[in-house]
Amino acid sequence: AKSERSLESLSPPLVLQRTTKQEKRLLAMGKGSILRLDQTTGTWVVFAAGRANRPKQTKSHDVKSKLADLPDIVDGCPFCAGNEHMLDDICLTFTQEDDAVRVVPNKYPAVEPMELSNLPRKSSYNADKAASFHHETLAVGFHEVVIESTRHNSHIASSPIESTKNLLLAFRDRGRAHSEIEGIEHICFFKNHGTTAGASLVHPHAQIVSTPVVPAEASRLQALALEFFEAKNVNLYEQIIDEELLFDSHEDQSRIIEMTDNFISMVPYASSSPYSINIFPTFGAEKFTSQGVDCSDFTSTTDELIEECALILKRSVVRLQILLDEPCFNLVIQSAPVKKRGKQAAFNSSAFFYWHIRITPRLGEGALGGFELGSGFFNNSHMPESDAAELRGVELPADLKE
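Cut-off values and rules
- Residues numbered from 1 in each chain as written.
- Predicted model: local features only at pLDDT ≥ 70, side-chain atom pairs only at ≥ 80, totals over all residues.
- Heavy atoms only, no water.
- Phe/Tyr/Trp six-rings, centres within 6.5 Å; stacked < 30°, edge-to-face > 60°.
- Helix = DSSP H or I, 4+ residues; strand = E, 2+ residues; numbered from the N terminus.
- Buried < 20%, exposed > 50% of the residue type's maximum accessible area, 1.4 Å probe, protein only.
- Lys NZ or Arg CZ within 6 Å of the ring centre and 35° of its normal.
- Pairing = 2+ DSSP bridges.
- Arc of directions from axis to C-beta.
- Contact = heavy atoms within 4.5 Å.
- Expected span 1.5 Å × (residues − 1).
- Polar contact = N/O pair within 3.5 Å; in protein donor to acceptor, adjacent residues only side chain to side chain.
- Salt bridge = Lys/Arg side-chain N within 4 Å of Asp/Glu carboxyl O.

Undergrad: I'd like to hear about the packing of aromatic side chains, residue by residue, with values.
TA: Applying the stated rule across the entire model yields eleven aromatic pairs. Consider the rings of Y237 and Y354, whose centres lie 6.0 Å apart with planes at 20°: the pair is stacked. With Y237 in helix α4 (residues 236–247) and Y354 in the loop between β12 (328–334) and β13 (356–362), this residue pair connects regions lying 117 residues apart in the sequence. Both residues of the pair, Y237 and Y354, count as buried. Each ring, one from F283 and one from F288, has its centre 5.2 Å from the other, and the planes form 85°; the classification is edge-to-face. Accessibility expressed as a relative area gives 13% for F288, which makes it buried. An aromatic cluster is built from F171, F189, F263, F283, F288, F298 and W355, whose rings are joined through pairwise contacts. Positioned over the ring face of F47 is R36, at 5.5 Å from the centre of the ring.

The structure is reproduced here in structure tokens:
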């Protein structure tokens, strides 16, 4: 779908996110650098194509094993079929044909399980033992594992679309359950695939962590969106989508990968690493309000929207799988903090924030070196427009084509 809106019709006027012909020539020759700001994260990114050719004497010692090379069932793996007796209480199960998505408590939680009779306290630091600006509180909440399959070698890219749908349904339904517990203020949904992405287990799984405080990153993303809304009286994410649609008619400037009726996938304008993909809902605060849908809150998403989102998510992962040969990646669902808790009681977050999915392939030793740590800038030797063109050009399997 193409947008028929003109540049002049956008209000407020945009600072156009396009690359000049001179910049393109310099970048193609490996002689130019560009600084771009990602307005959704507040992060500056240096795009320096020439750095891709710099000499490298260090080597990675990580030998990547592909899931397809592994057996269906591994003895001793608690997540495999036949080993259900090794699991603690199963919170939720979605079945499909001869497979299932299950949710269980994490045996090694980042936060201690919250007891309903022992809700989190306010800061409990001892003024006699610490300076007054030091704070600590009980690390309580919920930490659960979403086991994506009973098969040890399953992958989003190769599994039926029903598996991706059930993964998102498990995220949503457990998120709803967590948000009903008084004291929970934020829920993080994520998946780490591969050693470089931080996965400690091979068996495909994702995680949910709920906390009694809103993490700094979630607060920062929301604050940036709110600041934009207050200054421009328009939703930041809606503005980004409008602008990307305008450039979609120019192949060399488009960062859009694909669209469905209610979702869009794209490479961010200031992508902090190669081949990163963002998936945004394209519906605003009003479209599905009669169904109780809040565009800022992932847990309010309906079954029908989940099914549609699962398709564009699976196709995104398949594109990465084919183009990059099963890369390690991180997948995060960024959702607004739990409504009517803490500071959220003062906000109508759907006016200025959209929940969204970020997929970040991990292609090297890690993005954080001394320059990144010292400056807060990120380095990327890939231009987003080129990455988007490559991802669009991937030949999808017949069952995933429109």
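Undergrad: Pulling in residues and values, what's your account of the pairing of strand β9 (residues 256–259)?
TA: Where β9 meets strand β10 (residues 263–266), three bridges bridge the pair, whose relative direction is antiparallel. Paired with M259 across the bridge in β10 is I264.

Undergrad: How would you summarise helix α7 (residues 384–392) if you had to cite specific residues and measurements?
TA: What α7 keeps buried is the set P384, E385, D387, A388 and L391. Seen end-on, α7 carries its buried residues on one side only, within an arc spanning 160°. Check the buried side of α7 and you find it contacts β1 (33–38), β2 (43–48), β9, β11 (277–281) and α5 (303–324).

Undergrad: How would you explain α4 if you had to name every residue and give the values?
TA: Because an α-helix packs 3.6 residues into every turn, residues spaced three or four apart end up facing the same way. End to end, α4 covers 17 Å across twelve residues, agreeing with the expected 16 Å (1.5 Å per residue, within 8%). The element α4 is extensively covered by neighbouring structure, given that eleven of its twelve residues are classed as buried. Where α4 is concerned, the buried positions are L236, Y237, Q239, I240, I241, D242, E243, E244, L245, L246 and F247. Its buried side turned inward, α4 meets α3 (216–232), β9, β10, β11 and β13. Its side-chain oxygen at 2.8 Å from the backbone nitrogen of Y237, N235 defines the N-terminal cap of α4.

Undergrad: Outline the pattern of salt bridges, supporting the account with residue identities and numerical values.
TA: Considering all chains together, one arrives at 16 salt bridges under this definition. The salt bridge involving R151 is made with D99; its shortest N-O contact spans 3.3 Å. Residue R151 is found in the loop between β6 (140–147) and α2 (161–179), and its partner D99 is found in strand β4 (residues 99–105); the two are separated by 52 residues along the sequence. The exposure class assigned to R151 is partly exposed, which follows from its relative accessible area of 26%. A relative accessible area of 8% places D99 in the buried class. Two residues, E244 and R255, come together in a salt bridge whose shortest N-O distance is 3.1 Å. Of the two residues, E244 is situated in helix α4 and R255 in the loop between α4 and β9; the sequence distance between them amounts to eleven residues. Here the salt bridges do not stand alone but share partners, grouping R36, E244, R255 and E385 into one network.

Undergrad: Describe the environment of R220, naming the residues involved and giving the relevant values.
TA: One can find R220 in helix α3. Taking the C-alpha atoms as reference points, R220 and T41, separated by 179 residues in sequence, lie 7.5 Å from one another. Those residues in contact with R220 that lie beyond four places of it in its chain are T41, G42 and T43. A polar atom in the side chain of R220 sits 3.0 Å from the side chain of E217.

Undergrad: Talk me through unusual backbone geometry; I want residue IDs and the actual numbers.
TA: If you check the backbone angles, N233 has positive phi at about 60° while not being a glycine. Relative to the elements of secondary structure, N233 occurs in the loop between α3 and α4. Despite not being glycine, E326 shows a phi value in the positive range, around 55°. If you trace the backbone, E326 turns up in the loop between α5 and β12.

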